[in-house]
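Per-entry structural report
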Amino acid sequence: MDDWQFAPARELRRAFILDDSRLGPIHWYRPGKTAAVVLSVDDVFPGTSRSAYESGGDLEKGALGRVLWLLQRHPQLKLTLFVTPDWRRISPTADRLWRHVPLLRERLYLARVLPKGTMDLRRHGEFVAFLNAMPRTEIAIHGLHHINRGQAVSVEFQNRDRAACAAMLAEAMRIFDEAGLRYVRGLQPPGWDCGAALQQACRDVGIDWVSSARDIVTAVARDARTVMSGLSGVSMLFPERIAPGLLHFSTNFQATSPAERAFAILEAGGVLSIKAHIAKSVPGHLHLDGVDELYMNYLDRLFCEIEQRFGEAIDWTTLNQLATPLSAGASAPPTEQRAAAVAHCAA
Ligand SMILES: [Zn+2]
């Protein structure tokens, strides 16, 4: 969409995009692109079918194998996996007896938890190697332990101050580093919760972007703002600078969303941001957007339809690749890349 612009206009626009003091949605794509598709999967950790539930640990034989099938079907598709460095939550619901005891229930884990270190990535080298080898896949941070005391079982950063949040994020990155996992500087906070303290902490530890709003119900419009899970009032369709040095991306599509919603987002020039959870069934809960064969088949058909309708206009990218040229540290415009041909979809 920038192809026709002569250099001074392009430079002015670029200066505007990178002006870190400006907050609000950013409408910008690589030259020739008018909309984007990103896919992200939450709750990835080394749990296997011999654990409480499988969450990637069965490698190609489990849920990650189903995601790899989708990547293989669509050579232009890219992926963000939100990985938890030392996952501890067994059940996502408060199911322990002391949930009924006043005072005590705010100080204890109300869900069953794994001992610290059980799922620590530093103890799961084969899993880390598998993630590092996945094609067109970036790893981003999904909390530290994915557990919280009190009723909000998964909302890990809730009611913590800036220093505590920063310490947890630094520990998460230390585990990734020591495990040898390659990752990008992005965060999906467990439970979609990203308050002011966590936003400040992100910048303290060098995290460039967060994804902490989900809205799969609000009608599609270029100026639509989120009202559902997590941050409210942020752009539903576009990257938004929510604080100096911190970008935000919303989730706006999942397994239960009709295909027409995806087409409307792309026709509006937005980022179609699709969410999945790696496990379909966990103790006490069924993820509507779990990575099962049905959801992967749905996305397969949806991507074929998008390829046929929109062709080369779509930037098939990742959250971090969208964030990089918009962050203050960016130095040169991103280079044009041609989308791979997808012969099977033309059939
Ligand atoms: Zn999660």
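Residues numbered from 1 in each chain as written. Predicted model: local features only at pLDDT ≥ 70, side-chain atom pairs only at ≥ 80, totals over all residues.

Another aspect to go through is the overall build of the protein chain. Broken down by element type, the protein chain carries ten helices and 13 strands. Across the 347 residues of the protein chain, 41% fall into the buried class. Counting contacts in the protein chain only where the partners sit at least 6 residues apart, residues at least 24 apart contribute 69% of the total. (Helix = DSSP H or I, 4+ residues; strand = E, 2+ residues; numbered from the N terminus. Buried ≥ 20, exposed ≤ 12 C-beta atoms within 10 Å, placed from the backbone. Contact = placed C-beta atoms within 7 Å.)

As a further point, take the pairing of strand β3 (residues 79–83). A regular strand carries its side chains on alternate faces of the sheet. Judged by how many residues are buried, β3 sits mostly within the fold: five of five residues are covered. In terms of strand pairing, strand β2 (residues 35–44) meets β3 through three bridges, oriented parallel. In the strand pairing of β3, valine 44 is matched with valine 83. In this view, the connection linking β2 to its parallel neighbour β3 by way of helix α2 (residues 63–73) has right-handed handedness. (Pairing = 2+ DSSP bridges. Right-handed = clockwise from strand over helix to strand, strands pointing away.)

The next thing to look at is unusual backbone geometry. Negative phi is the rule for most residues except glycine; trans is the rule for most peptide bonds. At aspartate 43, a position not held by glycine, the phi torsion is positive, near 70 degrees. In this structure, aspartate 43 sits in strand β2. The phi dihedral of asparagine 159 is positive, around 60 degrees, even though this residue is not glycine. With respect to the element layout, asparagine 159 can be found in the loop between β4 (137–141) and α5 (162–179).

In the sheet, strand β1 (residues 24–25) pairs with strand β8 (residues 240–243) via two bridges, with the strands oriented antiparallel. Within β8, the residue paired with proline 25 across the bridge is glutamate 240. Both β8 and strand β9 (residues 246–251) contribute to a ladder of three bridges, which runs antiparallel. Residue pairing in the sheet places glutamate 240 in a bridge with histidine 248 of β9. Hairpin geometry of β8 and β9 is characterised by an intervening segment of two residues between the two adjacent antiparallel strands and by a positive phi of about 80 degrees at glycine 245.

We now examine the nonpolar core. If you look at the biggest cluster of nonpolar residues, it comprises 78 residues, and the most contacted ones within it are Ala36 and Leu272. Among residues more than four places away in sequence, those in contact with leucine 272 are Ala36, Val37, Asn252, Phe253, Ala262, Ile265 and Leu266. (Core = buried A, V, L, I, M, F, W, Y, C linked by C-beta atoms within 7 Å.)

Take the packing of α2 against helix α8 (residues 293–310) next. In the contact formed by α2 and α8, the axes pass within 10 Å of each other and the chain directions differ by 15 degrees. Taken together, the axis directions place α2 and α8 in an arrangement best described as roughly parallel. Relative to α8, the crossing made by α2 is right-handed. In contact with Arg66, Trp69, Leu70 and Arg73 of α2, α8 contributes Glu293, Met296, Leu299 and Asp300. (Axes fitted to C-alpha atoms, helices over the stretch in contact; angles between N-to-C directions. Parallel < 35°, antiparallel > 145°, perpendicular 65-115°, else oblique. Left-handed = near helix turned anticlockwise from the far one by under 90°.)

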